[in-house]
Amino acid sequence: MSDCNLEIYTRMENMLNRIYPALINFPKSEKYAVTQDIKNCFLEYLTYVARADKVKSKRLTYSQEAEGYLQKIKTLMKLARNRKYISKGFHKEISLELTEISKMLAGYMRSINKK
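Below is a short write-up of the structure.

So, how was this worked out
- Residues numbered from 1 in each chain as written.
- Predicted model: local features only at pLDDT ≥ 70, side-chain atom pairs only at ≥ 80, totals over all residues.
- Heavy atoms only, no water.
- Helix = DSSP H or I, 4+ residues; strand = E, 2+ residues; numbered from the N terminus.
- Rg over C-alpha atoms; globule rule 2.2 N^0.38 Å.
- Buried < 20%, exposed > 50% of the residue type's maximum accessible area, 1.4 Å probe, protein only.
- Contact = heavy atoms within 4.5 Å.
- Areas by Shrake-Rupley, 256 points an atom, 1.4 Å probe, with all protein chains shown as cover.
- Lys, Arg positive; Asp, Glu negative; His and termini not counted.
- Charge placed at Lys NZ, Arg CZ, Asp CG, Glu CD.
- Expected span 1.5 Å × (residues − 1).
- Bend = angle between axes of the 7 residues up to and from the residue.
- Phe/Tyr/Trp six-rings, centres within 6.5 Å; stacked < 30°, edge-to-face > 60°.
- Lys NZ or Arg CZ within 6 Å of the ring centre and 35° of its normal.
- Salt bridge = Lys/Arg side-chain N within 4 Å of Asp/Glu carboxyl O.

Regarding the overall build of the chain
When you go through the chain residue by residue, the secondary structure sums to four helices and zero strands. Going from N to C terminus, the chain has its helices and strands arranged as α-α-α-α. Over its C-alpha atoms the chain spans a radius of gyration of 14 Å, differing by no more than 12% from the 13 Å that the globule rule assigns to 115 residues. Dimensions along the principal axes, computed over C-alpha positions, put the chain at roughly 45 × 25 × 20 Å. Every one of the 115 residues in the chain was classed for burial, and the buried ones make up 40%. Here the contacts in the chain between residues at least 6 apart in sequence split such that 72% fall between residues at least 24 apart. Total accessible area computed for the chain in this model is approximately 6900 Å², and 50% of it derives from carbon and sulfur atoms. With 22 positive and 12 negative side-chain charges, the chain shows a separation of 5 Å between the mean positions of the two kinds.

Here you go:
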């Protein structure tokens with residue numbers, strides 16, 4: 001667990017722990033492609049959110065980087081659903097949570113702009 005106090009960090013960290021077991025069920029041919037990319041995107045997102053929390057002078061830049069990784073995660077999860085690596089129901093749950101996190105991140109970025 002990180003010392004980052006942002007809810008958007010904690011929720012994404014919890015989501016990674018929830019998605020991780022599903023990644024094990026991906027076909028072997030995808031183990032070093034899609035699954036690795038998904039894990040890396042989650043970790044990069046968490047890294048940029050933690051940086052945004054700690055480095056005030058670059059908060060907006062780091063938040064924008066995190067937003068890019070969040071969009072990539074959404075795309076990769078949609079690909080996993082289309083390839084039938086995850087169920088429709090699981091994808092729907094994940095998509096709703098990612099949308100909520102995306103809204104929270106947008107609100108965080110708006111608050112940075114107001115300062």
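Read on for the rest.
Details of helix α1 (residues 7-24)
Helix length check: α1, at 18 residues, gives a terminal C-alpha distance of 27 Å against a target of 26 Å (1.5 Å per residue), a fit within 8%. Roughly 25° is the biggest bend found in α1, and it falls at R18, with proline P21 one to four residues downstream. Among all positions of α1, only I8, Y9, M12, E13, M15, L16, I19, A22 and L23 are buried. As for α1, its buried residues are in contact with α2 (34-54), α3 (59-82) and α4 (88-114).

Some thoughts on the packing of aromatic side chains
Enumeration over the complete set of coordinates arrives at three aromatic pairs. When the ring of F26 is compared with that of Y85, the centres are 5.1 Å apart and the planes differ by 45°; the resulting orientation is tilted. One end of the pair, F26, is in the loop between α1 and α2; the other, Y85, is in the loop between α3 and α4, with 59 residues separating them in the sequence. The pair F26 / Y85 is uniform in exposure class, with both members buried. An angle of 45° between the planes, with centres 5.9 Å apart, marks the rings of Y48 and Y62 as tilted. A residue pair is termed long-range when its members are at least 10 positions apart, and Y48 in helix α2 and Y62 in helix α3 qualify at 14 residues. The ring of Y48 is capped by R51, whose NZ or CZ atom sits 5.2 Å from the centre of that ring. R51 extends its terminal NZ or CZ atom over the ring of Y62, reaching a point 5.8 Å from the ring centre.

Some details on the pattern of salt bridges
Counting across every chain of the model gives four salt bridges. Residue E93 pairs with R18 through a salt bridge whose shortest N-O separation is 2.4 Å. Here E93, found in helix α4, pairs with R18, found in helix α1; they are 75 residues apart in sequence, far enough to count as distant. For K54, the salt bridge identified is with D53, shortest N-O distance 3.7 Å.

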